[in-house]
Amino acid sequence: MRNGTPKGPMAVTSSLSSIHISPRTPRTPRPNMGDDEEDVELTLLNEEERLQSARDFRDDDQSISPTHESDAKRPISAKDKRGMVLLCVLYLLQGIPLGLALGSVPFLLKEHLSYSQLGTFALSSYPYSLKLLWSPIVDTVFIKSFGRRKSWIVPMQLIVGTLMLYISLNVQKLLDDPANNVAELTTIFTMLVTFSATQDIAVDGWALTLLSQDCLSYASTCQTIGLNTGFFASFTVFLAFNSEAFAAKWGVPHLTLSGYLRFWAIVCYAVTLWLLFFKKEDKEPVSDVDMSIKAVYKTIWTICQLKHVQLLIIVHLFAKIGFAANDAATGLKLVEKGFKREDLAIVVLIDFPFQIMGGWLAAKWSRGDRPLRPWIWAFWPRLAFTLIAGVIVFCFPKPPISTGFFVLLIFHTVFSSFASTVQFVGISAFHTRVSDPLIGGTYMTLLNTFTNMGGTWPKWFVLKGIDLFTVATCKVPDASVIVKATECVSDHGKALCKDINGICVTERDGYYIVTGLCIIFGAIFMLAFILPTARKLQRLPTSVWRVKMS
């Protein structure tokens, strides 16, 4: 391995979805700034580029120029089409382990674990929110003769395939007694997500050289399609085919977790071998900017010192608390109430195309001088849908549920997911617009780290809080015995109660308390901080987000 020097301007997204790739030269006029701001914001362009930038500034008020119209009508080349297919496949392989760790496996474990134990397993998703810590290494260390991006993608996919193969050989033993294997399950899936996150950084960077300049905007589309399809396959499709009732009803083979993992391990090996022997990575243009590991970490610190970046970080870390209970526990609660996993899979299946449509609309709405507009608009509907979710759980009927109630669940899931997708794509588009394209994937990864962490860190506290506020009793009929069982919310606790011929009764469900607290905090924080801050941030010119690099 060698400490390579990046060879061109990079603007990379590392989120699960984004839409727009920012231009090399900012098109927003530079305002007059104080001395403090000048210390960290200096032009990154040479004299010729400054002149071109000045011409761009004068054209900034024109919405669409004839040149842009011509570019939009230019047909996509065969090379770009092949690059898009490759990106979709690479992002698909990234979405498979994420769909397992964040989707289907928690539902399988819910039958045996308490919410607190599920909170421990939820820690396995944290590496995807912390990849900023090692993204500079991925951006700067590589084998020059092998390729800057392939140096990371090939070994990461080999490791991911090997881990999936290992899990497939041991998963039955782990799931037979998950309560005693929570630590091992969490460790294995944490490793799986970590290596997938590392592959994500490299693929994001490759997207900008794999596609031509005219087709860069399609990189985020490939990311959305690939990641969502992989997540969809590992969550919705797998849960459906893993259900014995679904397999018997529709006459399809029963799919085990072991078989599913083995299949994708083979696919991962096959794609990696093709990359290794048949795909050559194009060389990138040379840049004089110091992009050593030390320089990039120093740049990250410089970015974090910008006052508007600090405001954005605060917004990201607390904005999703209002929806945290809904995102972390509502699906699990519905299954606990008797909603079949295969029915849940059908609901998500119907919801899938609406997510894609929501991403396209959010990208369209995010253009112009108010890129955060769709993110702000979707905030109140998401809070409302979180409240409605609590009402649905409270009013959930005893199985079998009626067709009308099932349709209600479908409508709620579709509109709630639509609002979530609009927010996600809207904030990603804003990140891409303000990120400095010269720092590779690091600037985008920095911003996306905090928005991902804002949705990740509350999950553990939500699941712990549900158990904390829940009060349950184990009542034994025809006996003068009442056993207090605060762990009676899990199937394990219910089984212990059943052993003494008791009935586990939940007297107070902590889910409703935690949901209420989240909604109240979300509404207050939205009015007091998010709205004024978001409007202030989107009015700032692109130039103030740039930093000095030596």
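This text goes with the structure placed above it.
Residues numbered from 1 in each chain as written. Predicted model: local features only at pLDDT ≥ 70, side-chain atom pairs only at ≥ 80, totals over all residues. Heavy atoms only, no water.

(A) Structural context of the overall build of the protein chain. Scanning the protein chain from terminus to terminus reveals 21 helices and 5 strands. Taking all 550 residues of the protein chain together, 55% fall into the buried category. As presented, the protein chain carries roughly 24,800 Å² of accessible surface, and 64% of it is formed by carbon and sulfur atoms. (Helix = DSSP H or I, 4+ residues; strand = E, 2+ residues; numbered from the N terminus. Buried < 20%, exposed > 50% of the residue type's maximum accessible area, 1.4 Å probe, protein only. Areas by Shrake-Rupley, 256 points an atom, 1.4 Å probe, with all protein chains shown as cover.)

(B) Just helix H21 (residues 510-539), in detail. The terminal C-alpha atoms of H21 lie 41 Å apart, and with 30 residues this matches the ideal 44 Å at 1.5 Å per residue to within 8%. Where H21 bends most, the angle comes to about 50 degrees, and this point is Met526. Where H21 begins, one side-chain oxygen reaches toward the backbone nitrogen of Tyr511, 3.0 Å away; that side chain belongs to Asp509. (Expected span 1.5 Å × (residues − 1). Bend = angle between axes of the 7 residues up to and from the residue. Polar contact = N/O pair within 3.5 Å; in protein donor to acceptor, adjacent residues only side chain to side chain.)

(C) Region of the structure containing the packing of aromatic side chains. A complete count under the given rule lists 23 aromatic pairs for this structure. Connected via pairs of aromatic rings, a cluster forms that spans Phe318, Trp457, Trp460, Phe461, Phe521, Phe525 and Phe529. Stacked on the ring of Phe146, the Lys or Arg Lys150 has its end atom at 5.1 Å from the ring centre. In this structure, Arg382 is placed above the aromatic ring of Phe323, and the distance from its NZ or CZ to the ring centre is 3.9 Å. (Phe/Tyr/Trp six-rings, centres within 6.5 Å; stacked < 30°, edge-to-face > 60°. Lys NZ or Arg CZ within 6 Å of the ring centre and 35° of its normal.)

(D) Examining the packing of helix H7 (residues 150-176) against helix H11 (residues 257-278) more closely. Close contact between H7 and H11 brings their axes to 9 Å; oriented N to C, the two are set at 165 degrees. The orientation of H7 relative to H11 falls into the category roughly antiparallel. The way H7 lies across H11 gives a crossing that is left-handed. When grouped by side-chain class, the residues that make up the contact of H7 with H11 number 18 nonpolar, 6 polar and 2 charged. (Axes fitted to C-alpha atoms, helices over the stretch in contact; angles between N-to-C directions. Parallel < 35°, antiparallel > 145°, perpendicular 65-115°, else oblique. Left-handed = near helix turned anticlockwise from the far one by under 90°. Nonpolar A, V, L, I, M, F, W, Y, C, P; charged D, E, K, R; others polar.)

(E) Structural detail: a positive patch on the surface. A cluster of like positive charges, contributed by Lys307, Arg535, Lys536 and Arg539, occupies part of the molecular surface. Looking at which element gives the most residues to the positive patch, the answer is H21, with 3 residues. By the secondary structure assignment, Lys536 is in helix H21. (Patch = residues over 30% accessible without salt bridge, like charges linked within 9 Å, V, L, I, M, F, W, Y side chains within 5 Å. Salt bridge = Lys/Arg side-chain N within 4 Å of Asp/Glu carboxyl O. Lys, Arg positive; Asp, Glu negative; His and termini not counted. Charge placed at Lys NZ, Arg CZ, Asp CG, Glu CD.)

(F) Broad picture of the nonpolar core. Of all hydrophobic cores here, the largest spans 90 residues; its most connected members are Leu87, Leu90, Met164, Phe189, Phe339 and Val462. Sequence-distant contacts of Met164, defined by excluding residues within four places in its chain, comprise Ile96, Leu192, Leu261, Trp264, Ala265 and Cys268. Judged by nonpolar contacts, the second largest core, of 33 residues, contains Ile303, Leu446, Phe525 and Ala534. (Core = buried A, V, L, I, M, F, W, Y, C linked by side-chain atoms within 4.5 Å. Contact = heavy atoms within 4.5 Å.)

(G) The arrangement of the environment of Asn181 in detail. By the element assignment, Asn181 lies in the loop between H7 and helix H8 (182-210). With relative accessibility at 16%, the residue Asn181 sits in the buried group. Setting aside residues no more than four positions away along its own chain, Asn181 makes contact with Lys173 and Leu174. For Asn181, the side chain forms a polar contact with the main-chain oxygen of Leu174, separated by 3.4 Å. Here Asp177 takes part through its backbone oxygen, which lies 2.9 Å from a polar atom of the side chain of Asn181.

(H) Broad picture of a nonpolar patch on the surface. On the surface, Leu273, Trp274, Leu276, Phe277 and Phe278 cluster together into a nonpolar patch covering about 560 Å² of accessible area. Mapped onto the elements of the fold, Phe278 is located in helix H11. Since its relative accessible area comes to 65%, Phe278 is described here as exposed.

(I) Quick peek at the packing of helix H4 (residues 78-109) against H11. Two numbers describe how H4 lies on H11: the axes approach to 11 Å, and their chain directions differ by 160 degrees. By the criterion of interaxial angle, the relationship of H4 to H11 is roughly antiparallel. The way H4 lies across H11 gives a crossing that is left-handed. Residues Leu86, Val89, Leu90, Leu92, Leu93, Ile96, Leu100 and Leu108 of H4 form the contact with H11, whose participating residues are Leu257, Tyr260, Leu261, Trp264, Val267, Cys268, Val271, Trp274 and Leu275.

By themselves, these figures tell us nothing about what the structure is for.
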